[in-house]
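Here is what each chain is made of, one letter per residue.
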Amino acid sequence: MKLNKSQADAYFRKPTPDATGLLIYGSDPTRVSPKRKHVIKNLIGENGEQELRLTRFTSAELRADPSLLRDATKTISFFPGPRVVLVEEAIDSAFSAIEAAVAAWEPNDAQIIVTAGQLKATSRLRKLFEGHKNARAIALYDDAPSLAELQSMLATAELRNVDRDAMSALAQFSGDLGPGDFQQLLTKIATYKIGDDRSLSITDVAACAPSSIDATLEDAVNAVAEARHQDIDSILRRLEAQGTTGVALCIGIMRHFRTLYAAAADPKGAATGITRVRPPVFGPLRNRMLRQCQNWGVYKLERAIAQITEVDLQLRSPNQNAPAMALVERLLIRLSMLAKRQ
């Protein structure tokens with residue numbers, strides 16, 4: 001059974017204790033590892049590993065002896081309670097052992113949890129877990145945590161009293177930083193606030209935050225497409241500091257808006273159009289771009305492309321004297337305001 005993002009979030013919080021197994025996969029190990037730890041803790045408790053109710057295997061061990069995994073699922077621990085058998089960073093060579101253990105699994109056996117890197121839709125491991133009625137498969141993409149996930153992370157770090165500006169800043173950091181770096185930031189803030197009962201403020205966050213965070217072209221494009229004009233200035237300042245040029249920004253923005261226009265102008269609607277764009281987009285990015293083009297519509301996207309073209313020509317003109325980033329910033333703010341219009 002394949003779980004979507006909202007189902008996955010709920011499952012990580014409260015996993016099914018009598019499930020056959022769970023596959024967690026994704027391209028970023030720093031996203032997979034915390035989820036794996038969280039779900040195992042919720043299955044066997046804080047002391048599960050000390051009570052020998054968690055058994056770990058690598059792909060190399062299973063390749064050498066494929067029966068190890070099946071036998072471990074049926075081995076009873078000296079301590080009572082649910083049991084888990086974990087296969088970390090599974091690769092093709094471990095598939096036969098995993099397949100045999102899943103096929104032989106019976107009620108009261110240990111739950112089989114497998115982690116892996118990015119898997120194609122044709123992956124045998126994905127098909128095994130997605131097609132099994134008592135097993136789950138969860139894909140972790142490189143998108144920012146949801147508000148519910150962010151609140152859960154703050155609660156875990158014992159940061160419960162967070163004012164609005166601080167929450168907005170932390171949401172920005174959660175998207176800009178990798179999961180490991182963001183967790184380190186929360187730990188640093190929690191340490192900084194020890195003995196301070198006042199609410200967490202933007203000043204507290206700024207005191208602990210990294211001195212600089214790289215911005216990407218996608219940050220600027222999405223801020224515009226989602227009408228987040230208040231974020232444009234800070235993103236552009238970081239891009240400029242990284243050496244991004246106004247022309248490069250215009251090219252990236254034009255590419256994004258042409259993709260949105262191609263989807264929105266499809267005769268069968270944007271939902272069909274977004275599946276036909278080239279190069280293709282997948283996963284959360286497809287859903288995000290679909291929401292954007294549905295919000296803009298064909299008419300506003302045509303106006304946006306015309307405005308981007310005008311500024312691009314200005315930037316490339318030999319007679320252009322105005323600062324390039326100032327022209328681009330004004331363009332992006334105009335576009336973000338256009339997105340809000342009905």
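The sections below set out a description of the structure shown in this document. Predicted model, so just to flag it, every value in this text is computed and none were measured.

**With respect to the sheet that holds strand E2 (residues 21–25)**
The 6 strands are arranged E1-E6-E2-E5-E4-E3 in an open sheet whose pairing can be described as parallel. Of all strands in the sheet, those bounded by a partner on one side alone are strand E1 (2–3) and strand E3 (54–58). In terms of strand pairing, E2 meets strand E5 (residues 111–116) through 5 bridges, oriented parallel. Along E5, the bridge assignment pairs Gly21 with Ile112. Those strands touched by helix H2 (residues 29–44) are E2, E3, strand E4 (84–88) and E5, and its axis lies near 170° from that of E5.

**A short note on the side chain of Asp266**
Checked against the element boundaries, Asp266 lands in the loop between helix H13 (246–264) and helix H14 (270–276). Within the structure, the side chain of Asp266 is placed 3.2 Å from the side chain of Arg276, a separation counted as a polar contact. Contact partners of Asp266, with chain neighbours within four places excluded, come to Thr272, Gly273 and Arg276.

**Some words on helix H5 (residues 95–104)**
What H5 keeps buried is the set Phe95, Ala97, Ile98, Ala101 and Val102. Take H5 and look down its axis: the buried residues cluster within an arc of 165°, on one side only. If you follow the buried residues of H5, they end up packed against helix H3 (59–64), helix H4 (67–74), E4, E5 and helix H6 (124–130).

**Describing the packing of helix H11 (residues 217–225) against helix H12 (residues 232–241)**
Running from N to C, H11 and H12 point in directions that differ by 160°, and their axes come no closer than 10 Å. It follows that H11 is roughly antiparallel to H12 by the angle criterion. As for the relative orientation of H11 and H12, their crossing is left-handed in sense. In this structure, H11 uses Leu217, Asp219, Ala220, Ala223 and Val224 to contact H12, whose residues at the interface are Ile232, Ile235, Arg238 and Leu239. Of the residues in the contact of H11 with H12, the class split is 7 nonpolar, no polar and 2 charged.

**Side note on the packing of H4 against H5**
Between H4 and H5, whose axes approach to 7 Å, the crossing angle comes to 30°. Regarding the angle of H4 to H5, the classification is roughly parallel. For the pair H4 and H5, the sense of crossing is right-handed. Contacts between H4 and H5 involve Leu69, Arg70 and Lys74 from the first element and Ala97, Ile98, Ala101 and Ala104 from the second. Split into classes, the residues belonging to the contact of H4 with H5 amount to 5 nonpolar, no polar and 2 charged.

**Topic: the nonpolar core**
Soluble globular proteins tend to pack their nonpolar side chains together in the buried interior. Ranked by size, the top nonpolar core spans 40 residues in total, and within it Phe257, Trp296, Leu332 and Leu335 carry the most contacts. Where this core is concerned, the elements lending two or more residues are H11, H12, H13, H14, helix H15 (283–316) and helix H16 (324–340). For this core, the element with the highest residue contribution is H15, accounting for 10 residues. Apart from the residues lying within four places of it in its own chain, the contact partners of Phe257 are Val224, Ala225, Trp296, Leu301, Ala304, Ile305 and Ile308. Tyr25, Ala72, Phe95 and Ile98 belong to the second largest nonpolar core, which has 27 residues in total.

**Focus on the packing of aromatic side chains**
What the rule picks out here adds up to 2 aromatic pairs. With 5.5 Å between their ring centres and 90° between their planes, Phe78 and Phe79 make a pair best called edge-to-face. On the basis of relative accessible area, Phe78 is assigned to the exposed category, the value being 76%. Relative accessible area serves as the criterion here: at 34%, Phe79 is assigned to the partly exposed category. When the ring of Phe257 is compared with that of Trp296, the centres are 5.0 Å apart and the planes differ by 85°; the resulting orientation is edge-to-face. Of this pair, Phe257 sits in helix H13 while Trp296 sits in helix H15, and the two are 39 residues apart along the sequence. Assessed through its relative accessible area of 3%, Trp296 is described here as buried. Of note, Lys300 hangs over the ring of Trp296, and the distance from its end group to the ring centre comes to 6.0 Å.

**Observations regarding the environment of Pro15**
Tracing the chain through its elements places Pro15 in the loop between helix H1 (5–13) and E2. Pro15 sits in the buried class, given a relative accessible area of 9%. A sequence separation of 25 residues divides Pro15 from Ile40, and the C-alpha atoms of the two residues are 8.7 Å apart. Pro15 has contacts with Val39, Asn42 and Leu43, leaving out every residue within four places of it along the chain.

Cut-offs used in this document
- In this convention, every chain numbers its residues from 1, walking through the sequence in written order.
- Reporting of local features is limited, given that this is a predicted model, to residues whose pLDDT is at least 70; pairs of side-chain atoms are given and counted only at 80 or more, and all residues count toward the totals for whole chains, interfaces and linings.
- Excluded from the side-chain calculations are hydrogens and water; all other atoms, namely the structure's heavy atoms, are used.
- Paired strands, in this sense, are two strands between which DSSP finds at least two bridges.
- Helix and strand definitions here come from DSSP, where helices need a minimum of 4 consecutive H or I residues and strands a minimum of 2 consecutive E residues; each element is numbered from the N-terminal end.
- Here a residue-residue contact requires only that any non-hydrogen atoms of the pair lie within 4.5 Å.
- Only the stretch in contact is used when fitting a helix axis, every axis being a line fitted to C-alpha atoms; angles between N-to-C directions are given from 0 to 180 degrees.
- We define a polar contact as two N or O atoms separated by no more than 3.5 Å, with the added condition that, inside protein, one atom must be a possible hydrogen donor and the other a possible acceptor, whereas residues neighbouring each other in sequence contribute only through side-chain atom pairs.
- Only protein chains enter the accessibility calculation, which uses a 1.4 Å probe. A residue is then buried if its area is under 20% of the maximum for its type, exposed if over 50%, and partly exposed in between.
- Arc, as used here, means the arc of the directions from the helix axis to the C-beta atoms.
- Roughly parallel here means an angle under 35 degrees, roughly antiparallel means over 145, roughly perpendicular means 65 to 115, and every remaining angle is called oblique.
- The crossing is said to be left-handed when, going from far helix to near helix, the turn is anticlockwise and less than a right angle, and right-handed when the turn is clockwise.
- Under the convention adopted here, Pro, Cys and the residues Ala, Val, Leu, Ile, Met, Phe, Trp and Tyr are nonpolar, Asp, Glu, Lys and Arg are charged, and Gly plus all remaining residues are polar.
- Each nonpolar core is a collection of buried residues, namely Ala, Val, Leu, Ile, Met, Phe, Trp, Tyr and Cys, held together in the definition by side-chain atoms within 4.5 Å.
- For Phe, Tyr and Trp, rings pair up if their centres lie within 6.5 Å, where Trp contributes its six-membered ring, and each pair is then called stacked (planes under 30 degrees apart), edge-to-face (over 60) or tilted (otherwise).
- Whether a charge sits over a ring comes down to the Lys NZ or Arg CZ being within 6 Å of the ring centre and within 35 degrees of the ring normal.

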